[in-house]
Amino acid sequence: MVKILKPNLSLAIGRLGLKNPVMVASGTFGYAEEFRDFIDLKKLGAIVTKTITVKPRHGNLPPRTCETPSGMLNSIGLENPGIDQFIEGKLPFLKKLAVPIIASIAAEESPDEFSILVKQLDKLSGISAIELNISCPNLQKDKLISQDAKETFELVSSVRRLTKKCLITKLSPNVTSICEIALAAEKAGSDAVALINTLSGMSIDVNKRIPKLGSWVGGLSGPAIRPVAVKMVWEAYNKIRIPIIGMGGIMDTESALEFFIAGASAISVGTANFINPRASIEIISGLKQYMADNNIQNLSNIIGRLKACND
Amino acid sequence: MKIAQIKAKIISNKRLKRNYWHLEFESSIIANNAQPGQFVNIKVSDGLGPLLRRPISIHGVKGSTVKLIYEVLGKGTQALSARKPKEFLDIIGPLGNGFGYKQLAKAGKAKNILIAGGMGVAPLVFLAEKIKPVKPLVLIGAKTKNQILCTPEFKSLGCTLKLATDDGSAGFKGRVTDLLKIVLEQAKPSRLFSCGPHPMLKTIARIAHENKINAQLSLEEHMACGIGACLGCVVSTKAGYKRVCKDGPVFSSEELIW
């Protein structure tokens, strides 16, 4: 048996080439500066920024986080400095890292804001890809774009015309059929889908009889949602052709591998960044070790290679 | 300033009294860099419950030893109290911006006042050590006598100590903020430093404003990351929301909107 000396973790998502498939998820990594003391940021596959909107956003009323069994709720509400301040204040640091930067964007009022943002980001050499956050549960909207296949199709189509950069559409798990929405994103020209955003949730302080979050409800993340995420990745993998970036409660190498085997081409580390700032880097070396131990030359050899129980 | 994520060996972890605990761990990097008002963020158990780290104020350092005191209130602190000496804790620190204490007015009657509510004594002992030559006046408030902590530490640092208890079992009967008002009738300090429950800090901010005194207040909030990334622990300030973990936990009272 030939031993694998240098496992190959590189991959491409549309025009976006990555040296490894481990990203950090939007909203859990700030604009990367916050993690510079803990890890060598250059080792990351890609960095997805905290979501950016056209105008600065203050975000929701505190308290904004609370712990739940094996997870946490957040209702940050997309606090961010706005696109202009992002470009001026945050991008220079990110550019120096020489790691693909994926700008996560969202609209506050009208879907047209996506077009404004994409036009601006399209011109920037420091931005490698754009993630359309059409699935944030913390905007006090009755319905998210990603909860409707037609709206998802229209939104993705409208921005697809504006950029040749890699487009990733981030979807909500709060839907009847994830495949229906993923197919709509694919048909509209999205280069990849990111699965999953947080699950809508609520937690109550029984002594005070008040919700634990200032905005009452929030998004659930962490290991508690991992089985939901793995299942949705697996379902979507069987229906769509574009790559899937899998996320939802990935804490370590083993949980990352679940996503690859279910069908994800890349993964994002989210809540784990809060608990162990080194989680993403540990997963990169853990994947190499797994590949070496199992004689796997290319990570693509395990993507979607789920076997039936009695095989 | 250097922030480290380390596996730190527990030296001791003992109950002080009631549900107050004292923990010491070994870390020269945290001990050398820690400033009063800063905190450490501790993964109290290796598993998924509790999931998030728990932020705990730094109580003091001695050589390469870092001292903490904490109150067992929920699952996190309960799990922490079960940890034994020689075990290792995953700790990030020192974090946040502490008290600004450089260029304090030299020793004079009640020029610098430290006001602690309950567990709020933790960072103020560390501050009192750093400003020892100034000999600050220390006011400690609690519900009842046996909830008052750290009086020997303050005394050994040469601080003048005044106590307030809700039930009058020690010192002044009433709130520590009422005791502060009485103190202010006699002398006007140049600075107030405080740590304690939110309503107490709010009252101190008002008193400081009315008396035109600079007050530095250490706030507490639920945190997810503790390193400024998640924007979970924000507080309202005149410059918009600020992060308790990174921009604070110590804020100037004039910055804050209550």
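Here the structure is a predicted model, which means the values were calculated and not measured.

### Thoughts on the overall build of chain A
Right, on to step 1. On a plain count of helices and strands, chain A comes out with eight helices and 16 strands.
Right, on to step 2. Counting all 311 residues of chain A, 61% fall into the buried class.
Right, on to step 3. Taking all contacts inside chain A whose residues are at least 6 apart in sequence as the whole, residues at least 24 apart take part in 72%.
Right, on to step 4. Carbon and sulfur atoms provide 52% of the accessible area of chain A, an area that totals close to 13300 Å².

### Description of the overall build of chain B
Right, on to step 1. For chain B, the count of helices and strands is six helices and 16 strands.
Right, on to step 2. Computed over the C-alpha atoms, the radius of gyration of chain B is 18 Å, within 12% of the 18 Å expected from 2.2 N^0.38 for a compact globule of 258 residues.
Right, on to step 3. Dimensions of chain B, computed from C-alpha atoms along their principal axes, come out at roughly 55 × 40 × 30 Å.
Right, on to step 4. Counting only residues that meet the buried cut, chain B has 57% of its 258 residues in that class.
Right, on to step 5. In chain B, the proportion of contacts linking residues at least 24 apart, taken out of those at least 6 apart, comes to 63%.
Right, on to step 6. Across chain B, the centroid of the 39 positively charged side chains sits 4 Å from that of the 18 negatively charged ones.

### Examining the interface of chain B and chain A
Right, on to step 1. Each partner contributes residues to the interface: chain B has 26 residues there, and chain A has 30 residues.
Right, on to step 2. Of the roughly 2400 Å² buried at the junction of chain B and chain A (both faces included), carbon and sulfur atoms supply 61%.
Right, on to step 3. Of all residues in chain B, B:Gln5, B:Leu51 and B:Tyr241 bury the most surface against chain A, accounting for 27% of the area lost on that side.
Right, on to step 4. Joining chain B to chain A, the criterion identifies one salt bridge.
Right, on to step 5. Across the salt bridge formed by B:Arg54 and A:Glu67, the nearest N and O atoms sit 2.9 Å from each other.
Right, on to step 6. Scanning the region where chain B abuts chain A turns up six residue pairs in polar contact (both at pLDDT 80 or more).

### Description of the domain arrangement of chain B
Residues and elements named next belong to chain B.
Right, on to step 1. Domain parsing of chain B yields domain 1 (4-95) and domain 2 (112-252).
Right, on to step 2. Measuring from the centre of the C-alpha atoms in domain 1 to the corresponding centre in domain 2 gives 21 Å.
Right, on to step 3. Listed per partner, the contact involves 21 residues of domain 1 and 25 residues of domain 2.
Right, on to step 4. The largest contributions to the domain 1 side of the interface with domain 2 come from Tyr20, Pro36 and His59, which together make up 27% of the buried area.
Right, on to step 5. In this structure, the connection of domain 1 to domain 2 is made through zero salt bridges.

### Remarks on helix 1 (residues 83-96) of chain A
All names here are of chain A.
Right, on to step 1. With 14 residues, helix 1 extends 19 Å from end C-alpha to end C-alpha; this agrees with the ideal 20 Å at 1.5 Å per step.
Right, on to step 2. Along its length, helix 1 reaches its greatest deviation from straightness, about 50°, at Lys90, and the proline Pro92 lies no more than four positions downstream.
Right, on to step 3. Taken together, the buried positions of helix 1 are occupied by Ile83, Phe86, Leu91, Phe93 and Leu94.
Right, on to step 4. Buried residues along helix 1 sit in contact with strand 4 (46-48), strand 7 (101-105) and helix 2 (112-122).
Right, on to step 5. Positive backbone phi, at 55°, marks Ala98, one or two positions downstream of helix 1.

### Digging into the packing of aromatic side chains
Right, on to step 1. Tallied over the full model, the rule gives four aromatic pairs over all chains.
Right, on to step 2. Each ring, one from B:Phe99 and one from B:Phe193, has its centre 5.9 Å from the other, and the planes form 75°; the classification is edge-to-face. Of this pair, B:Phe99 sits in the loop between strand 7 (88-95) and strand 8 (112-117) while B:Phe193 is found in strand 12 (residues 191-195), placing the two residues 94 residues apart along the sequence.
Right, on to step 3. Using a relative accessible area of 5% as the deciding quantity, one classes B:Phe99 as buried.
Right, on to step 4. A:Arg64 extends its terminal NZ or CZ atom over the ring of B:Tyr241, reaching a point 4.6 Å from the ring centre.
Right, on to step 5. In this structure, A:Lys187 is placed above the aromatic ring of A:Phe153, and the distance from its NZ or CZ to the ring centre is 5.2 Å.

### Here's the deal with the pattern of salt bridges
Residues and elements named next belong to chain B.
Right, on to step 1. Evaluation of the coordinates by the stated rule reveals 17 salt bridges over all chains.
Right, on to step 2. The partner of Arg83 in a salt bridge is Glu87, with the nearest N and O atoms 2.7 Å apart.
Right, on to step 3. The class for Glu87 is partly exposed, based on a relative accessible area of 28%.
Right, on to step 4. Its salt-bridge partner being Arg206, residue Glu210 comes within 3.5 Å of it at the nearest N-O pair. Of this pair, Glu210 and Arg206 are both found in helix 6 (residues 198-210), four residues apart, which corresponds to roughly one turn of the helix.

### Thoughts on unusual backbone geometry
The phi torsion of most residues other than glycine is negative, and most of the peptide bonds are trans.
Right, on to step 1. A:Ile196 follows A:Leu195 through a cis peptide bond whose omega is 10°.
Right, on to step 2. Relative to the helices and strands, A:Ile196 resides in the loop between strand 10 (192-195) and strand 11 (199-202).
Right, on to step 3. Residue B:Pro249 is reached from B:Gly248 by a cis peptide bond, and omega for that bond is 10°.
Right, on to step 4. Tracing the sequence through the fold places B:Pro249 in the loop between strand 15 (240-243) and strand 16 (250-252).
Right, on to step 5. Non-glycine residue A:Ala32 carries a positive phi angle of around 75°.
Right, on to step 6. Here A:Ala32 shows up in the loop between strand 3 (22-24) and strand 4.
Right, on to step 7. A positive phi is found at B:Lys86, a non-glycine position, where the angle reads about 80°.
Right, on to step 8. Note on B:Lys86: relative accessible area 66%, which makes it exposed.

### Topic: the pairing of strand 10 (residues 160-165) of chain B
Residue and element names in this part refer to chain B.
Right, on to step 1. Bridge count between strand 9 (residues 137-142) and strand 10: six bridges; the pairing is parallel. Bridged to Val138 within strand 10 is Leu161.
Right, on to step 2. Chirality of the crossover, the property in question, places the unit of strand 9, helix 4 (residues 151-156) and strand 10 among those that are right-handed.
Right, on to step 3. Pairing of strand 10 with strand 11 (residues 172-173) involves two bridges; the strand directions are parallel.

### Quick word on a nonpolar patch on the surface
Right, on to step 1. On the surface, A:Met202, A:Ile204, A:Val206, A:Trp216 and A:Val217 cluster together to form a nonpolar patch covering roughly 530 Å² of accessible area.
Right, on to step 2. Along the chain, A:Met202 falls in strand 11.

### Description of the environment of A:Ile245
Residue and element names in this part refer to chain A.
Right, on to step 1. Its place among the elements puts Ile245 in strand 15 (residues 244-246).
Right, on to step 2. A relative accessible area of 1% places Ile245 in the buried class.
Right, on to step 3. Considering only alpha carbons, one finds Ile245 and Pro21, 224 residues apart in sequence, at a separation of 8.7 Å.
Right, on to step 4. Ile245 has contacts with Ile13, Met23, Ile168, Ala192, Val193, Ala194, Leu195, Ala266, Ile267 and Ser268, leaving out every residue within four places of it along the chain.

Cut-offs and rules
Residues numbered from 1 in each chain as written. Chains lettered and ligands numbered in written order. Predicted model: local features only at pLDDT ≥ 70, side-chain atom pairs only at ≥ 80, totals over all residues. Heavy atoms only, no water. Helix = DSSP H or I, 4+ residues; strand = E, 2+ residues; numbered from the N terminus. Buried < 20%, exposed > 50% of the residue type's maximum accessible area, 1.4 Å probe, protein only. Contact = heavy atoms within 4.5 Å. Areas by Shrake-Rupley, 256 points an atom, 1.4 Å probe, with all protein chains shown as cover. Rg over C-alpha atoms; globule rule 2.2 N^0.38 Å. Lys, Arg positive; Asp, Glu negative; His and termini not counted. Charge placed at Lys NZ, Arg CZ, Asp CG, Glu CD. Buried area = accessible area lost by both parts, 1.4 Å probe. Salt bridge = Lys/Arg side-chain N within 4 Å of Asp/Glu carboxyl O. Polar contact = N/O pair within 3.5 Å; in protein donor to acceptor, adjacent residues only side chain to side chain. Domains from an automatic or database assignment. Expected span 1.5 Å × (residues − 1). Bend = angle between axes of the 7 residues up to and from the residue. Phe/Tyr/Trp six-rings, centres within 6.5 Å; stacked < 30°, edge-to-face > 60°. Lys NZ or Arg CZ within 6 Å of the ring centre and 35° of its normal. Pairing = 2+ DSSP bridges. Right-handed = clockwise from strand over helix to strand, strands pointing away. Patch = residues over 30% accessible without salt bridge, like charges linked within 9 Å, V, L, I, M, F, W, Y side chains within 5 Å.

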